[in-house]
Amino acid sequence: MNFDLIVLGSGPGGYVAAIRASQLGMKVAIVERENLGGICLNWGCIPTKALLKSAQVYNYINHAEDYGIKISKASPDFDAMINRSRDVAGGMSKGVQFLMKKNKITVIDGDGVLARGKKVVVTDAKGSKKEYSADHIIIATGARAKMLPGINIDGKKVIGYRQAMTLKKQPKKMVVIGAGAIGVEFAYFYNSIGTEVTVVEFMENGLLPREDKDVSKELNKIFKKQGVKVLGNTAVENVDTSGKSIKVTVKDRKTEKSDTITCDVVLSAAGITPNTENIGLEVLGIKTDKRGFIEVDEYCKTNVAGIYAIGDVIPTAALAHVASAEGILCVEKIKGMDVHPIDYGIIPSCTYCTPEIASVGMTEAMAKEAGHEIKIGKFPFSASGKASAAGAKEGFVKVIYDAKYGELLGAHMIGTNVTEMIAEIVAAKNLETTGHEILKAVHPHPTMSEAVMEATAAAYGEVIHL
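For clarity, every value in this text was computed on a predicted model and none was experimentally measured. (Residues numbered from 1 in each chain as written. Predicted model: local features only at pLDDT ≥ 70, side-chain atom pairs only at ≥ 80, totals over all residues. Heavy atoms only, no water.)

Colleague: Help me get a handle on the overall build of the chain, residues and values and all.
Modeller: Assigned secondary structure in the chain consists of 14 helices and 22 strands. For a compact globule of 466 residues, the expected C-alpha radius of gyration is about 23 Å, and the chain comes in at 24 Å, within 12% of that figure. Here the C-alpha coordinates of the chain stretch approximately 65 × 60 × 45 Å along the principal axes. By the burial criterion, 50% of the 466 residues in the chain qualify as buried. Considering only contacts within the chain whose residues lie at least 6 apart along the sequence, 61% involve residues at least 24 apart. As presented, the chain carries roughly 22400 Å² of accessible surface, and 51% of it is formed by carbon and sulfur atoms. One way to put it: in the chain the 56 positive side-chain charges average out to a point 5 Å from where the 53 negative ones average out. (Helix = DSSP H or I, 4+ residues; strand = E, 2+ residues; numbered from the N terminus. Rg over C-alpha atoms; globule rule 2.2 N^0.38 Å. Buried < 20%, exposed > 50% of the residue type's maximum accessible area, 1.4 Å probe, protein only. Contact = heavy atoms within 4.5 Å. Areas by Shrake-Rupley, 256 points an atom, 1.4 Å probe, with all protein chains shown as cover. Lys, Arg positive; Asp, Glu negative; His and termini not counted. Charge placed at Lys NZ, Arg CZ, Asp CG, Glu CD.)

The following block contains the structure:
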């Protein structure tokens, strides 16, 4: 069978690219070896948010008296939380199935491998092979948990994010290796329902070390208050799984002092590795970097004509919304539309623990390093009427402006619902909005989003409510 476009992988990059191509009149097929929706819908973005919501509701109930409500003490039902998460993921995957039918996209089940002549050979579950051809092929095969040197993810004692969502029994003690978004979200979930959690992070700032330093510092303080032990600037030297309990040997990189932590489960959350092996890249001579990521141009085209790559297989931010944007850009470029490359400096990043973290653009350190003279404004939610009423006074909004031209360089937020608020800043940066324009944009009261206006006012010495 011949198609205008074949997409390898049905994650948020692949299925979005397929739908956009169909909208533009292309005959499209998508190859998927597991479940439609990929890691995001089935094992990442969506089911993790379901678990986090369960943890948040549980915390609300246990603090009901703070809101003037008397209620018996709640207890977590671990199995029910896991099952709800899987049901949510299943529903979303069915939604993608519907979208494939609606957009007349051919779904091919099996493992796809690139072959010469713009062909894809698909092996189904029974081992049968079938060949398909296309004018264009998009590689969107995603990524998996990164294997740390000397640490074997066996799925039982040492687990990755997939196993963390389907454990049969809640662990009493857990060590999380890596304090990026995945590690932080699981640390919050398991700590909230009673697991003793220790987070080990190699980089100095501890939790979310790539975020603005003020945000990382605030989250470290809040997690400590919640009962999570955070070891920043710490290396994992050894994980001993030979006994009934796991022994994790860590070393403080500053003092060089070693220590041993005993736990039931170790969660490896130290990054990802692209799924670029065994898909035929070497057959076609498609270039990759030293880490295995596929090299592409600004429109996601590889060095081989007619072959493209998007999402976690290329060295851009491993975020679902980035993969979707790349998929749309790639397809529209294939159709000859007048499109502009993605500005990766305006890509928002979100972490969904409680409190949430959201950011876009330069951190304070990055702005200074780039040579900007800057104005910084910060507004704490403790001064927000809506936050006080909601019982959500933790956190702040921090904005960074270029002092000379008023350019919005970056924004960094920690607090309740800030992942919903960051879109205002993304739109503002995309429109090249200045600080004075945000300051004069009347924000509704009382809302958490007023903190953006107030932080901007603070940057210009005009803050009212501080």
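Colleague: Any chance you could break down the sheet that holds strand S21 (residues 396-402) for me, citing the residues and the numbers?
Modeller: On the basis of which strands lie adjacent, the open sheet formed by five strands has the order S18-S19-S22-S21-S20 and antiparallel pairing. Edge positions in the open sheet fall to strand S18 (349-351) and strand S20 (374-380), since each of these has one partner strand only. Direction aside, neighbouring strands of the sheet carry axes that sit 10 degrees apart on average. Inspection of the sheet shows strand S19 (residues 356-361) paired to strand S22 (residues 408-415) by six bridges, in the antiparallel sense. Opposite glycine 361, over in S22, you have glycine 410 as the bridge partner. Taken strand by strand, helix H7 (residues 213-226) contacts S19, S20, S21 and S22, and its axis lies near 5 degrees from that of S22. Lying on the sheet, helix H14 (residues 450-459) is in contact with S20, S21 and S22; it crosses S20 at an angle near 135 degrees. (Pairing = 2+ DSSP bridges. Axes fitted to C-alpha atoms, helices over the stretch in contact; angles between N-to-C directions.)

Colleague: Would you mind going over unusual backbone geometry in detail, with residue names and values included?
Modeller: Between threonine 354 and proline 355 the backbone carries a cis peptide bond, its omega angle lying at 0 degrees. Positionally, proline 355 belongs in the loop between S18 and S19. Geometrically, the link from histidine 445 to proline 446 is a cis peptide bond, its omega value of -5 degrees lying close to zero. Tracing the chain through its elements places proline 446 in the loop between helix H13 (435-440) and H14. With a phi close to 55 degrees, asparagine 233 is a non-glycine residue in the positive phi region. With respect to the helices and strands, asparagine 233 occurs in the loop between strand S11 (229-231) and strand S12 (234-240). With relative accessibility at 16%, the residue asparagine 233 sits in the buried group. Its identity is not glycine, yet glutamate 256 carries a phi of approximately 65 degrees, on the positive side.

Colleague: Requested: an account of the pairing of S22, with residues and values cited.
Modeller: Of all eight residues in S22, eight are buried, a share of seventy percent or more. Relative to S22, S21 runs antiparallel, the two sharing six bridges. Bridging from a neighbouring strand, valine 397 pairs with methionine 413 of S22. What sits between S21 and S22 in their antiparallel hairpin is a turn of five residues, with glycine 406 showing a positive phi close to 80 degrees.

Colleague: Give me the lowdown on the environment of alanine 367, citing residues and values where you can.
Modeller: Checked against the element boundaries, alanine 367 lands in helix H10 (residues 364-369). Along the backbone, alanine 367 and lysine 244 are 123 residues apart, and their C-alpha atoms lie at a distance of 49 Å. What alanine 367 contacts, discounting residues up to four positions off in sequence, is Met362, His372, Ile374, Ile400 and Leu409.

Colleague: Kindly report on the layout of surface pockets, identifying the contributing residues and their values.
Modeller: By volume, the second largest pocket is sized at about 960 Å³. Lining the second largest pocket are 27 residues, with His63, Gln226, Thr354, Gly391 and Glu394 sitting closest to its centre. Put simply, the parts of the chain that give the lining of the second largest pocket at least two residues each are helix H3 (45-62), helix H6 (181-192), H7 and helix H11 (385-390). For the lining of the second largest pocket, the leading source of residues is H7, giving five residues. Of the residues contributing to the lining of the second largest pocket, the split by class is nine nonpolar, eleven polar and seven charged. (1 Å grid on protein atoms, 1.4 Å probe; cavity = no way out; pocket = protein on both sides within 12 Å on 5 of 7 lines; lining within 4 Å. Points joined across faces, edges and corners; volume = space filled by probe spheres on them. Nonpolar A, V, L, I, M, F, W, Y, C, P; charged D, E, K, R; others polar.)

Colleague: Quick rundown of helix H4 (residues 78-102)? Include the residues and the values.
Modeller: In this model H4 runs 37 Å from its N-terminal to its C-terminal C-alpha over 25 residues, within 8% of the 36 Å that 1.5 Å per residue would give. What H4 keeps buried is the set Phe78, Met81, Ile82, Ser85, Ala89, Ser93, Val96 and Met100. Among the structural elements, helix H1 (14-23), strand S2 (28-32), helix H2 (38-43), H3, strand S3 (106-109) and H6 are those in contact with the buried residues of H4. Backbone geometry just after H4 places lysine 104 at a positive phi near 55 degrees. (Expected span 1.5 Å × (residues − 1).)

Colleague: Describe the state of the cysteines, naming the residues involved and giving the relevant values.
Modeller: Per the stated rule, a full pass over the model turns up one disulfide. Across a sulfur-sulfur distance of 2.4 Å, cysteine 40 and cysteine 45 are joined as a disulfide pair. An S-S torsion of about -130 degrees defines the bridge between cysteine 40 and cysteine 45 as left-handed. The cysteine cysteine 300 is free of any disulfide, with cysteine 330 supplying the nearest cysteine sulfur at 5.4 Å. Look at cysteine 300 and you get buried, because its relative accessible area is 1%. Among the cysteines around cysteine 353, which has no disulfide bond, cysteine 350 carries the closest sulfur, lying 11 Å off. (Disulfide = S-S within 2.5 Å.)

Purely geometric stuff here, so don't read any function into it on its own.
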